Amino acid sequence: RTSAVNTSTSEVESTEETTQEQEQLVITGSFTLTVSDPAALIAAYLSNPDVEEAFVSSLAASLPGVDSSMVTIPSVAMVRRLSAAHPRRASGALDVNYQIVMPLSLAQSSGISAEGIVSSSGDMLANLGSALAAAGVSVDVIGLVMNEPVLKVFMPTTTTTNTTTTTTSTTTSTTTTTTSTT
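Residues numbered from 1 in each chain as written. Predicted model: local features only at pLDDT ≥ 70, side-chain atom pairs only at ≥ 80, totals over all residues. Heavy atoms only, no water.

Caption draft 1: Fine view of helix α5 (residues 121-134). For α5, which comprises 14 residues, the first-to-last C-alpha distance of 20 Å matches the rise-based estimate of 20 Å (1.5 Å per residue) to within 8%. In the stretch just after α5, glycine 136 is the one whose phi turns positive, near 85 degrees. (Helix = DSSP H or I, 4+ residues; strand = E, 2+ residues; numbered from the N terminus. Expected span 1.5 Å × (residues − 1).)

Caption draft 2: Molecular detail of the packing of aromatic side chains. For the structure shown, the criterion picks out three aromatic pairs. Between the aromatic rings of phenylalanine 31 and phenylalanine 55, the centroid separation amounts to 6.3 Å while the plane-to-plane angle is 45 degrees, which identifies the pairing as tilted. With phenylalanine 31 in strand β2 (residues 24-35) and phenylalanine 55 in helix α2 (residues 49-62), the pair connects residues that are 24 residues apart, well separated along the chain. Residues phenylalanine 31 and phenylalanine 55 agree in their burial class; the two are buried. By the ring-pair criterion, three or more aromatic residues cluster together here, those being Phe31, Tyr45, Phe55 and Tyr98. (Phe/Tyr/Trp six-rings, centres within 6.5 Å; stacked < 30°, edge-to-face > 60°. Buried < 20%, exposed > 50% of the residue type's maximum accessible area, 1.4 Å probe, protein only.)

Caption draft 3: Seen up close, the nonpolar core. Among the nonpolar cores identified, the biggest contains 39 residues, and Phe31, Leu41, Phe55 and Ile100 are the most heavily contacted of them. Sorting the residues of this core by element identifies β2, α1 (38-47), α2, β3 (71-78), β4 (92-103), α3 (104-110), α5 and β5 (141-146) as the ones contributing at least two each. Per-element tally for this core: the top contributor is α2, with six residues. Those residues in contact with phenylalanine 55, other than ones at most four positions away along the chain, are Phe31, Leu33, Leu41, Tyr45, Ile73, Val76, Val96, Met124 and Leu128. (Core = buried A, V, L, I, M, F, W, Y, C linked by side-chain atoms within 4.5 Å. Contact = heavy atoms within 4.5 Å.)

So, in C-alpha cells, the structure goes:
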C-alpha cells in the first residue's frame, strides 16, 4: 500500500492603488445681465458656441487665477416680470448661472473670495461687452450685477483598491497492492 498527498499553494501578488487628489474650491453663482435685446442674446447663446465662450472667457478674465477651463455656464435665462403693470420694453434682464472649479491652493494664493467676485461686476461688464461683440452678437450690454456666490471646499475621495488571490489544491492518491499465494 502506497499513499501520497500533494498540496500546493500559490498566491498572486497583492496590489494596492491609492489615488490622492488636491482639494478643490467649487464656486457656484449667478449674475444678472441687462441687455438691449435679451431674446436675441438667448437665441445667439443657444445657436452659437462662441457666445457661451464669451461668457466663460469674460468671467475668467474678471477673476484672478481663474482660467477659462475652470468655468462652466449651465444656464442663461430671461428674468420674468412679476407683474404686467410694467410697460413693455425692448431691453431686459437675463440670469446667467456659472460654476468655477479650481484648486483650493490656487484660489487661496489668488485671493478669491465671495466679496471679490461680487465687486468684479465692472470688469465683467467691460469684458463681456467686448467678448459678445467679437462673437458677432449685436446687443448692447447695459448693466451687470454679480450676485453673491456660494464657495465650497470639495475634498476629493481617496480611492484604494486591494487585490489578493490565493489558490490551494490538494491531490491524494492511494495505491494498494495485494499479493496472493495458493
